[in-house]
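A structural walkthrough
Letter by letter, the chains look like this.
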Amino acid sequence: MIHNATTHTAELVSKREVIPGTFHFVLHAPALARQSRPGQFVMIQVQDGTDPLLRRPLSLSGTCGDTVELLFQVKGRGTQLMAAWEPGRSVSLIGPLGNSFIIPDVIKTAVLVAGGIGAAPLLYLAKILVESRDLQREFFFGAKTGKERALVEGCIVNEDFEYVFVTEDGTQKFQGFVTDTLAGELERKKINAKGACIYSCGPSSMLKKVARIAAAYNIPCQVSLEAHMACGVGACLGCVVEARGGFKRVCADGPVFDSRALEWNYD
Amino acid sequence: MTDKALDLSVTIAGIRMKNPLMVASGTFGYGEAYASFIDNNILGAIVTKGISLEPSQGNLPPRIVETPSGMLNAIGLQNVGLECFIKEKMPYLRQFATPVIVNFYGTSIADYIKLAERLTGVDGIAGLEANISCPNIKEGGISFGTDPAMASRVTEGIRKATTLPLIVKLTPNVTDIGAIAKSVQDAGADALSLINTFTGMAVDVDTCKPVLANITGGLSGPAIRPLALRMVWETLKRVSIPVIGLGGIMNAQDALQFLIAGARAFEIGTALFVNPQAPYEILNGIESYLQKRNLSALSEVIGTLQQ
Ligand SMILES: Cc1cc2nc3c(=O)[nH]c(=O)nc-3n(C[C@H](O)[C@H](O)[C@H](O)COP(=O)(O)OP(=O)(O)OC[C@H]3O[C@@H](n4cnc5c(N)ncnc54)[C@H](O)[C@@H]3O)c2cc1C
Ligand SMILES: Cc1cc2nc3c(=O)[nH]c(=O)nc-3n(C[C@H](O)[C@H](O)[C@H](O)COP(=O)(O)O)c2cc1C
Ligand code: FES
């Protein structure tokens, strides 16, 4: 068996609009919460009926006891409909799906690099990483505006991570793209191949640059990818990405890939 | 409700199935993808992802896009190839008490013949489903399934190459499906399955580019169901071999429409993506339908269309 996913009927316990257009959901789904690991995702049914037809893939942004958390941005019709859900609603989820981030035993420094809503799976990882002692923890967060800091702040205890906020609007210490700052900060903080690991999720253009920087510093790097999905379980071959040695399914072979295993020839 | 044991079994081209629910090619992998959701033993039959002589990479992504009540796919028939399928996929498939029907395709009649010959005699294969929606590279790239003469020739070739039950899967991208069906029957097919996907397209208005890297893709899902049903009904007027209906079946009501129209069995594809529990729900729904009407066998429903 390649995964242990099943269909779960979860109850939406709480809903919070973290910043305009981005929502945090807490769902009661004990079996799912027990089985999930950071990096994994769910396929969520938007509503009964046939339009929208397909389930939407969303990363788990955390688990807590019997609940799982989602952090999502309104993009199109499906997420728009979800934004109108009220607590108490019953929701159909398939999960846990996909592989997960790997935390090596010898890890000394974890560098998380998130772009916008790409923070979602990294928040889950961060919550697991704070449980390890003797670990240097860095959280690079790139966004359009300073307001988006709210996506990561409050989700994890501040003292556990060193934060670097980089925004395009210039309201933070660093202005521009997170990848403009990453290399310099790795140098300054003397983070190198020895025991360091980069974990990244965000737009593909950002991931490509993160992968290049990781390669330049010889730091292992795991990236979480997105692709349009139909089944989410590896059956349809709709979600493939170009990897060394042929196409890989983002849903079943990923969504987390070693950056060196991918062909970085998209945009 | 009655306690009468219900008989949902059907026989197609000599393949005995405990019920009429088959999973469609390309939507169930090689039988493993839904293992955590579905006990493969409850299925009437498993149709595997279309295989070719050599492994195929398939098309570049993006490969899928959602459309109103449907989806377009341009997977490009990515598959592990004939030998890998036999060696690595069949051992898994063989363990279930469910007939395995192997879907296959070629780009020349010779390909189809070689595939059929090699698959014949492989332990655990109950039958073949020939996908003839593919282009005939040797003859100008027109799909085998869109021309009655070409459909007939490829069917005849496969027929001579195998003793296994032969199902030919028809493309709906034709003007007269009945004519194609008739010529495939006359060329020796044991059964027909229809429909494959309708060719469609979607454009991204922001980039002014096609959404799919392949430009066009195959439309599946509830959007095509009424068209599929009409084509099954039309086909049944022209042939006497069993017909397997598919296209957009999501629930028991949908499946019953095909059965009542005369399909002896049905396949579900896109429904699995939306609801992996669909096989259970559909079978339960069919049972309740029989019970409500005080019927004991599915055969009392098939082809009961009143016109
Ligand atoms: C593994 C994975 C994890 C994800 N995790 C998150 C998350 O934690 N938070 C979050 O906000 N978003 C996440 N996304 C993106 C999210 O799936 C899309 O934003 C969402 O599907 C958009 O649906 P829609 O109906 O609002 O948009 P529409 O554009 O109307 O959707 C139309 C179709 O395109 C698909 N689609 C559109 N954009 C994307 C996209 N970026 N990725 C994949 N499919 C897309 C939809 O699923 C649907 O099938 C994730 C995607 C993947 C693949
Ligand atoms: C992702 C995907 C892959 C498919 N691959 C194949 C294939 O390899 N061979 C084939 O004959 N049909 C293939 N089909 C067509 C289906 O088997 C089926 O004919 C079609 O989807 C209509 O049924 P549905 O609406 O229930 O999905 C594929 C369909 C989808 C959606
Ligand atoms: S979404 Fe179907 S294989 Fe990945």
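Chains are numbered independently. Their residues run from 1 in the order of the written sequence. Written order determines the labels here, with chains lettered from A and ligands numbered from 1. Reporting in this predicted model follows two pLDDT cut-offs: at least 70 for local features of residues, and 80 or more for side-chain atom pairs to be given and counted; totals over whole chains, interfaces and linings ignore these cut-offs and use all residues. The basis for every side-chain value is the complete set of non-hydrogen atoms in the structure, without hydrogens or water.

**Examining the site of ligand 2**
This is how the line gets drawn: We call a residue near a given molecule or strand whenever any one of its heavy atoms falls within 4 Å of it. Polar contact criterion, stated in full: a pair of N or O atoms within 3.5 Å, where within protein one must be able to donate a hydrogen and the other to accept it, and residues adjacent in sequence count only if both atoms are side-chain atoms. All accessibility values rest on the Shrake-Rupley procedure with a 1.4 Å probe; residue burial counts only the protein chains present in the view.
Every one of the 23 residues lining ligand 2 counts as a neighbour, but B:Ser25, B:Lys169, B:Gly221, B:Gly248 and B:Thr270 are closest to it. Chains contributing residues near ligand 2 are chains A and B. In this structure, B:Asn196 approaches ligand 2 through a side-chain N or O atom, which is 3.4 Å from an oxygen atom. The contact in question runs from an oxygen atom of ligand 2 to an N or O atom on the backbone of B:Gly248, over 2.7 Å. Protein contacts shield 98% of the accessible area of ligand 2, which totals 610 Å² for the unbound molecule.

**Here's the deal with the domain arrangement of chain A**
Residue and element names in this part refer to chain A. The condition that has to hold: What fixes the domain bounds is an automatic or database domain assignment. Contact between two residues is taken to exist if any of their heavy atoms lie within 4.5 Å; hydrogens are not considered. Using a 1.4 Å probe, buried area is obtained as the accessible area two parts lose upon being combined, added over both of them. One speaks of a salt bridge when a side-chain nitrogen belonging to Lys or Arg is within 4 Å of a carboxyl oxygen belonging to Asp or Glu. Three classes are used: nonpolar for Ala, Val, Leu, Ile, Met, Phe, Trp, Tyr, Cys and Pro, charged for Asp, Glu, Lys and Arg, and polar for all others, with Gly counted as polar.
Looking at the assigned domains, one finds that chain A contains domain 1 (6-97) and domain 2 (109-224). On the domain 2 side, the residues contacting the 16 residues of domain 1 number 12 residues. Of the roughly 1300 Å² buried where domain 1 meets domain 2, counting both sides, 72% is carbon and sulfur surface. The interface formed by domain 1 and domain 2 holds 1 salt bridge in total. For the pair domain 1 and domain 2, the number of links is 4 residue pairs in polar contact (both at pLDDT 80 or more). Across the side of domain 1 that touches domain 2, the residue classes tally to 6 nonpolar, 8 polar and 2 charged.

**Structural notes on the packing of helix 1 (residues 82-93) of chain B against helix 2 (residues 109-119) of chain B**
Residue and element names in this part refer to chain B. Operational definition: Axis definition: a line fit to C-alpha positions, over the contact stretch in the case of helices; interaxial angles, taken between N-to-C directions, run 0 to 180 degrees. Put simply, DSSP marks the helices as runs of H or I at least four residues long and the strands as runs of E at least two long, and each gets a number from the N terminus on. For classification, angles of less than 35 degrees are called roughly parallel, those exceeding 145 degrees roughly antiparallel, those between 65 and 115 degrees roughly perpendicular, and all remaining angles oblique. In a left-handed crossing the near helix is turned counterclockwise from the far helix by less than a right angle, and in a right-handed crossing that turn is clockwise.
In the contact formed by helix 1 and helix 2, the axes pass within 11 Å of each other and the chain directions differ by 20 degrees. Taken together, the axes of helix 1 and helix 2 lie roughly parallel to each other. Crossing of helix 1 over helix 2 shows right-handed handedness. Where helix 1 abuts helix 2, its residues Leu82, Glu83, Phe85 and Ile86 lie against Leu115, Arg118 and Leu119. Residues that form the contact of helix 1 with helix 2 fall into these classes: 5 nonpolar, no polar and 2 charged.

**Regarding the interface of chain A and chain B**
How big an interface is tends to be stated in terms of accessible area lost as the parts join. On the chain B side, the residues contacting the 28 residues of chain A number 32 residues. Across the interface of chain A and chain B, roughly 2500 Å² is buried in total on both sides, 64% from carbon and sulfur atoms. A per-residue breakdown of the area chain A buries against chain B is headed by A:Leu53, A:Leu237 and A:Phe247, which together make up 25% of the total. Linking chain A with chain B are 1 salt bridge, by the criterion used here. With its nearest N and O atoms 2.8 Å apart, the salt bridge here joins B:Glu66 to A:Arg56. Counting across the interface, chain A meets chain B through 8 residue pairs in polar contact (both at pLDDT 80 or more). Looking at the side of chain A that touches chain B, the elements that each hand over two or more residues are strand 1 (6-19), strand 14 (240-243) and strand 15 (246-249) of chain A. When its residues are assigned to classes, the side of chain A that touches chain B shows 15 nonpolar, 9 polar and 4 charged.

**Some details on the side chain of B:Ser108**
By secondary structure assignment, the location of B:Ser108 is in the loop between strand 7 (100-104) and helix 2. Every residue in contact with B:Ser108, bar those within four places of it in the chain, is listed here: B:Asn136, B:Lys138 and B:Phe144.

**Quick look at the sheet that holds strand 6 (residues 70-73) of chain B**
Residue and element names in this part refer to chain B. Selection rule: Strands pair, by our definition, only if DSSP identifies at least two bridges between them.
Reading across from one edge, 5-6-14-11 is the order of the 4 strands in this open sheet, with antiparallel pairing throughout. The open sheet terminates on both sides in strands that have one partner only, identified here as strand 5 (64-67) and strand 11 (198-201). Direction aside, neighbouring strands of the sheet carry axes that sit 40 degrees apart on average. Summarising the sheet, strand 11 and strand 14 (residues 216-220) pair through 4 bridges and their orientation is antiparallel. Looking at the pairing, Thr199 lines up with Gly218 of strand 14.

**Looking at helix 4 (residues 177-186) of chain B**
All names here are of chain B. Going by this rule: Relative accessibility decides the category of a residue: with a 1.4 Å probe and only protein chains considered, values under 20% of the type maximum give buried, values over 50% give exposed, and everything between is partly exposed.
In terms of residue burial, helix 4 counts as a mostly covered element, since 7 of its 10 residues are buried. Buried residues in helix 4 make contact with helix 3 (148-161), strand 9 (166-169), strand 10 (191-194) and helix 5 (225-236). Measuring from the backbone nitrogen of Gly178 back to the side-chain oxygen at the start of helix 4 gives 3.2 Å, which picks out Asp176 as the cap.

**Some details on the pattern of salt bridges**
Residues and elements named next belong to chain A. Under the defined criterion, the tally for this structure stands at 17 salt bridges over all chains. Here Glu185 makes a salt bridge to Arg188, at a shortest N to O gap of 2.9 Å. Taken as a pair, Glu185 and Arg188 lie in helix 4 (residues 178-188) at a separation of 3 residues, close to a single helical turn. Counted as one network, the salt bridges with shared partners bring together Glu138, Glu162 and Lys189.

**Brief notes about the site of ligand 1**
All names here are of chain A. Around ligand 1, the structure places 21 residues, and the nearest of them are Pro57, Gly76, Gly78, Thr79 and Glu226. At a separation of 3.3 Å, an oxygen atom of ligand 1 approaches a polar side-chain atom of His228. Alone, ligand 1 offers 830 Å² of accessible surface; in the complex the protein occludes 86% of this. Among the elements of the structure, strand 4 (56-59), strand 6 (67-73) and helix 2 (77-83) are those that each provide at least two residues to the shell around ligand 1. With 4 residues, strand 4 is the single largest residue contributor to the shell around ligand 1. For the shell around ligand 1, the residue count by class is 10 nonpolar, 6 polar and 5 charged.

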